[in-house]
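Okay, here's what each chain looks like letter by letter:
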Amino acid sequence: MKGHTIFPVFYDVEPTEVRKQKGSFGEAFAKHDKENLEKVERWRDALAEVANISGWVVPKGQESEYIEPIVEKIFKTLSSIKLNEGLVGIDSRVWEVYSCLKIGLTDVRMIGIYGTGGIGKTAIAQVVYDSFSNQFEASSFLHNVRETAEREGLAYLQEQLLSDIFVERNIRISDVDNGARLIRHRLFNKKVLLILDDVDCLDQLYKLACKRDWFRPGSRIVITTRDEHLLKTLEVDEIHRPKELSSEEAVRLLSLTCFGSEHPPEGYVEMSNHVVNYAHGLPLAIKFLGSFLDGRSIPAWKSCLDRLENNFPTEILQVFQISFDSLQEVEKETFLHIACFFNGKDQDRVVEILDYLELYPKIAISILIDKSLLSVSSDNHLWMHPLVQQMGREIILRESPKFPWKRSRLWLPEDIDLVLTDNMGTEAIESIVLDLPTQKEVHWHPEAFSKMHCLVLLKIHNVQLQHELTHFPNGLRFVEWSGYSLKSLPPNFEPKMLVELTMCHSNIELLWKGVKQLDSLRFIKLSHSRNLVRTPDFSEARALERIDFEGCPNLIEVHPSVGVLKHLIFLNLKDCTSLVSLPNKLEMETLEIFSLSGCSKVKKIPEFTKNMERLQELHVNGTAIVDLPSSIEHLTGLSLLNISHCKNLVHLPCAILRLELLRDFIVLGCSRLATFDDHEILPSRKRSIWLWVEEFFRGSGRRVKSKLS
């Protein structure tokens, strides 16, 4: 047995019976003693030795339970001996695919392997093919289906498939539909293993392996692709997504590629870890970088790593760009926005912003996920592989390598500062995002934005302007400028395209004077802007849905136009401690949440009209109100009413207790509250609540949050 590996399987017999040749096993041997005694003795010695080797004892009738562990053991042993030499981490990944194949069952199974370019899909499929094709009557591995179909046509692939299966030359197919019929007709009675590598459209699948009934039972079809949607449409039995290499596996692969050994030599360990971190577990990138660095000195390695920060290798870029090039234009725009600005951000917020830009982000993001260009974490944050993100940014950088003002997107602080300080803006610039970790003084030119006529997205954080700004592009759709240091927006800014304006912690006193055309504005947020004195006139903001001015301590007046915004859903004036002037009446039929919490100078809240039945929450806690208007009876959809710590509140309208949907009525700390304004008879199902409120008002001193049901 020298040079061999033995895996004994004891079927319906115990190893001790084999070792000692006892029982029925020994009786069978006794029958052969008379034939060739010397030969039988060699058998006895060999079997005695085999019986001492660890193996499997398979009871009769339980064969199916042992097939998979036996095959797994043999496969892993073969893999470690020769089959997968140089393919680090491949064994476990191949075994996962093999487990999906369920070879031995008599159904026809289709398995998908999908993932980003360079993750190892083809390598896994190749090892599966090499390992298990001998268990089928015939087999075919169609490499690079996408590229071959583009170059040679689908008929060429059909010819190759049939030639592989039937070992025939000179098969000619002139029409792909006839070719599909021929494949179905000729493969119907053959048990085959078929690998379709790098498929990128359904037509390829429909013409090569459309349905299970094309194949004999027991056949297996494996499809590798970057597009999960194709696999779902074909309704494959299982989908396997290979994982990136672990850090240990990645270092091993790099070492084998660079040094021909399992571990990097002394002096190269730290640099190897840097290379592995850059590749982020992607086998293609590790092998490419390993080949490039092979034989180079440590200073050369350091120089290479420094260069990688700003220069994406073309060879890796080309692999990823295949997926990018397959996208529609709107999907490309979405991909580039996420790669440049929003990787790692909350998906809902990104969808909201990209929706403002009319990019239809929900469907676009789902397509990017299907094509392995994007994923979503368990906490709903978008995640893009670092190399995929760098590819996206490289596409933008290559729009104009030397002149940032000629690029569509700017995110590098040094590029943005150069363009805005030297007034180099152009129509090419569509989006700017600058998020500095600490506040920085900048000397941007007053007319820095004057020539950016196509700018639609502007997001700035931690910038202290040293000069006024005279212009904002009128085409802006989204502006988020945290800590905006000027007193107002540029006077000639006409924001009729603006959908969201967010300027928290700003120095704004008044956004603009007079009336502006705000046809598209849906959301405005100036929370914690300490110098804001009054809100602007919103008469022309007919689409406005959300207003958030929380924590503006010097806000005195809310313009009367706010009271008639027909699409407003959310109005937050919490902790505006100087607020005294509100609209006399609210006529907002879509309003759901209205907060005046902590507005300690508000003595009277507006009247409510009959069409405000959608209001669900009303927060007037901490105000100086004496009473609530009787028109509160119109708030028939109210579920929460907070009047706590209204120390001047004396009485309440009895209409409150007729609000059928009111569930939370918070009355803590209302020290002067004595009674309701009338004592009419209440509906019988409300009486327990009325009695509780009376008990509270009569001075029992109970301080509770009451839930009305």
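Residues numbered from 1 in each chain as written. Predicted model: local features only at pLDDT ≥ 70, side-chain atom pairs only at ≥ 80, totals over all residues. Heavy atoms only, no water.

### Brief notes about the overall build of the protein
- When you go through the protein residue by residue, the secondary structure sums to 22 helices and 26 strands.
- With 709 residues in all, the protein has 50% of them scored as buried.
- Split by element, the accessible area of the protein, about 33,700 Å² in all, is 49% carbon and sulfur.
- Of the side chains in the protein, 85 bear a positive and 98 a negative charge, and the two mean positions are spaced by 3 Å. (Helix = DSSP H or I, 4+ residues; strand = E, 2+ residues; numbered from the N terminus. Buried < 20%, exposed > 50% of the residue type's maximum accessible area, 1.4 Å probe, protein only. Areas by Shrake-Rupley, 256 points an atom, 1.4 Å probe, with all protein chains shown as cover. Lys, Arg positive; Asp, Glu negative; His and termini not counted. Charge placed at Lys NZ, Arg CZ, Asp CG, Glu CD.)

### Section: the packing of helix α17 (residues 329-342) against helix α18 (residues 347-356)
- For the pair α17 and α18, the least separation of the axes is 12 Å and the interaxial angle reads 125 degrees. With respect to α18, the axis of α17 lies oblique. Considering how the two elements wind past one another, α17 and α18 form a crossing that is right-handed. Taking contact as the criterion, the partners of T334, H337, I338 and F342 in α17 are, on α18, V350, I353 and L354.
- The residue inventory of the contact of α17 with α18, partitioned by class, reads five nonpolar, two polar and no charged. (Axes fitted to C-alpha atoms, helices over the stretch in contact; angles between N-to-C directions. Parallel < 35°, antiparallel > 145°, perpendicular 65-115°, else oblique. Left-handed = near helix turned anticlockwise from the far one by under 90°. Contact = heavy atoms within 4.5 Å. Nonpolar A, V, L, I, M, F, W, Y, C, P; charged D, E, K, R; others polar.)

### Remarks on the packing of aromatic side chains
- In the structure shown here, the tally under the stated rule is 16 aromatic pairs.
- When the ring of Y268 is compared with that of W301, the centres are 5.2 Å apart and the planes differ by 70 degrees; the resulting orientation is edge-to-face. Placement of Y268 in the loop between α12 (247-259) and α13 (269-279) and of W301 in helix α15 (residues 298-308) is noted, with a sequence separation of 33 residues between them.
- Ring pairing ties together the aromatic residues W444, F449, F472, W481, Y484 and F493, which thus form one cluster.
- Sitting above the plane of the F166 ring, R186 keeps its charged end 4.0 Å from the centroid. (Phe/Tyr/Trp six-rings, centres within 6.5 Å; stacked < 30°, edge-to-face > 60°. Lys NZ or Arg CZ within 6 Å of the ring centre and 35° of its normal.)

### Concerning the nonpolar core
- The biggest cluster of nonpolar side chains holds 86 residues, and the ones touching the most others in it are F449, F472, W481, L573 and I643.
- Secondary-structure elements contributing two or more residues to this core are α21 (413-421), β11 (431-442), β12 (457-465) and β13 (478-482).
- The next biggest cluster of nonpolar side chains, apart from the first, holds 61 residues, and it includes I286, L336, V388 and V433. (Core = buried A, V, L, I, M, F, W, Y, C linked by side-chain atoms within 4.5 Å.)

### With respect to the pattern of salt bridges
- On inspection of all chains with the given rule, the structure shows 29 salt bridges.
- Note that R146 is salt-bridged to D198, the shortest N-O span being 3.2 Å. Placement of R146 in helix α7 (residues 145-152) and of D198 in strand β5 (residues 192-199) is noted, with a sequence separation of 52 residues between them. Across the pair, D198 and R146 agree in class, each one buried. (Salt bridge = Lys/Arg side-chain N within 4 Å of Asp/Glu carboxyl O.)

So yeah, pure geometry; function would need other evidence.
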